[in-house]
Amino acid sequence: MSDDLLRIFKERRALLEGHFLLTSGLHSPRYLQCARVLMDPALATRLGAELAEALRPVLPAPPAVVVAPALGGVLVAHEVARAFGVAGLFTERQDGGMVLRRGFVLETGQPVVVVEDVITTGGSTREVMEAVTRAGATVVGVGSLVDRSGGAVDLGVPRRSLLTLEVPTYEAAACPLCAGGSKPEKPGSRAAR
Ligand code: ZN
């Protein structure tokens, strides 16, 4: 599956290879934009189903709800929720915290799967997990389309990803691509083409 998905990400220009200036100011030979695969409804549904299938055997209980952080996770939650036949909710950032809004309610003890498009450090995933826990529900697993941590992020619950990718980043002064004489480009300019 991973090889096939890597090919799809490249074909859809969701994964660009070259020399990029990221919004963080860091340079990278890879640029990842999951929206470029999720914008295809049939593909989004397929990936959601595959992530649900990857999670199913490692979950202690089937989820009653799927929750993701907006914006990047919204479509992933929607499609994984479709596969499980449950509701898909999303959290939003408000006053610096991650909260459920829009009348989204979790019930006490409800098993919840948290999903993401990409897990890098796991920071935003942890914030969603905390929001779910505060609401009285129980996170039983975490899924992401892409794992940029190389499997290193431990969230204390079973976790599955469809694709593990290395996306190295460098300070400009230490960038081997710059040292090789190339100039970084802003990815949006090519990805939007
Ligand atoms: Zn560079």
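Here the structure is shown first, and the text comes after it.
To keep things clear, this report deals only with the structure shown in the data block. (Residues numbered from 1 in each chain as written. Predicted model: local features only at pLDDT ≥ 70, side-chain atom pairs only at ≥ 80, totals over all residues. Heavy atoms only, no water.)

**Examining the coordination of the zinc ion**
In step 1: With distances of 2.1 to 2.4 Å, the protein atoms coordinating the zinc ion are His19 (NE2), His27 (ND1), Cys175 (SG) and Cys178 (SG).
In step 2: Taken together, the four donor atoms surrounding the zinc ion define angles of 94 to 117° at the centre, an arrangement classified as tetrahedral. (Donors = N, O, S within 2.8 Å, 3.2 Å for Na, K, Ca; no water. Tetrahedral: all angles 85-135°; square planar, octahedral: opposite > 155°, others 65-115°.)

**Quick word on the pairing of strand 6 (residues 111–119)**
In step 1: Of all nine residues making up strand 6, nine are buried, and the element is well covered by its neighbours.
In step 2: Bridge count for strand 3 (residues 65–69) against strand 6 is three bridges, and the pairing is parallel. Note on strand 6: the bridge partner recorded for Val67 is Val114.
In step 3: Of the pairings in the sheet, the one linking strand 6 to strand 7 (residues 138–147) comprises eight bridges and is parallel in character. Within strand 7, the residue paired with Val114 across the bridge is Val142. (Buried < 20%, exposed > 50% of the residue type's maximum accessible area, 1.4 Å probe, protein only. Helix = DSSP H or I, 4+ residues; strand = E, 2+ residues; numbered from the N terminus. Pairing = 2+ DSSP bridges.)

**With respect to the side chain of Ser28**
In step 1: Residue position: Ser28 is located in strand 2 (residues 27–32).
In step 2: Judged by its relative accessible area of 0%, Ser28 falls in the buried class.
In step 3: Of note is the side chain of Ser28, whose polar atom sits 2.9 Å from the backbone oxygen of Arg30.
In step 4: Within the structure, Ser28 has its side chain in polar contact with the backbone oxygen of Pro168 (distance 2.6 Å).
In step 5: Those residues in contact with Ser28 that sit more than four places away from it in its chain are Gly18, His19, Phe20, Leu22, Val167, Pro168, Thr169 and Leu177. (Polar contact = N/O pair within 3.5 Å; in protein donor to acceptor, adjacent residues only side chain to side chain. Contact = heavy atoms within 4.5 Å.)

**Section: the packing of aromatic side chains**
In step 1: For the structure shown, the criterion picks out two aromatic pairs.
In step 2: Ring centres 6.2 Å apart and planes at 45° place the aromatic pair Phe20 and Tyr31 in the tilted group. Residue Phe20 is found in strand 1 (residues 15–21), and its partner Tyr31 is found in strand 2; the two are separated by eleven residues along the sequence. Of the two residues, Phe20 and Tyr31, both sit in the buried class. (Phe/Tyr/Trp six-rings, centres within 6.5 Å; stacked < 30°, edge-to-face > 60°.)

**Here's the deal with the packing of helix 3 (residues 41–55) against helix 4 (residues 74–84)**
Two numbers describe a pair of packed helices, the interaxial angle and the distance between the axes.
In step 1: Following both chains from N to C, one finds helix 3 and helix 4 inclined at 65°, their axes separated by 8 Å at the closest point. Crossing handedness for the pair helix 3 and helix 4: right-handed. Two secondary-structure elements touch here, helix 3 through Ala44, Thr45, Gly48, Ala49, Leu51, Ala52 and Leu55 and helix 4 through Val76, Glu79, Val80, Arg82, Ala83 and Phe84.
In step 2: Among the residues making up the contact of helix 3 with helix 4, the classes are represented as nine nonpolar, two polar and two charged. (Axes fitted to C-alpha atoms, helices over the stretch in contact; angles between N-to-C directions. Left-handed = near helix turned anticlockwise from the far one by under 90°. Nonpolar A, V, L, I, M, F, W, Y, C, P; charged D, E, K, R; others polar.)

**Some thoughts on helix 5 (residues 123–134)**
In step 1: Taking 1.5 Å of rise per residue, twelve residues should cover 16 Å, and helix 5 covers 17 Å from first to last C-alpha, within 8% of that figure.
In step 2: Looking at helix 5, one finds that the buried residues are Thr125, Val128, Met129, Ala131 and Val132. Taken end-on, helix 5 shows its buried residues confined to a sector of 160°, consistent with a single buried face. When the buried face of helix 5 is taken as reference, the exposed residues oriented beyond 90 degrees from it are Thr133 and Arg134.
In step 3: Looking at the buried positions of helix 5, the neighbouring elements they touch are strand 3, strand 4 (87–94), strand 5 (97–100), strand 6 and strand 7.
In step 4: Looking one or two residues past helix 5, Gly136 carries a phi angle of roughly 95°, positive in sign. (Expected span 1.5 Å × (residues − 1). Arc of directions from axis to C-beta.)

**Describing the nonpolar core**
In step 1: The biggest cluster of nonpolar side chains holds 33 residues, and the ones touching the most others in it are Phe9, Val37, Leu51, Val80, Val115, Leu145 and Val146.
In step 2: With six residues, the top contributor of residues to this core is helix 3.
In step 3: Apart from the residues within four sequence positions on either side, Val80 is in contact with Gly48, Leu51, Ala52, Val66 and Val115.
In step 4: Listed in part, the 17 residues of the second largest apolar core include Val65, Val112, Val132 and Val153. (Core = buried A, V, L, I, M, F, W, Y, C linked by side-chain atoms within 4.5 Å.)

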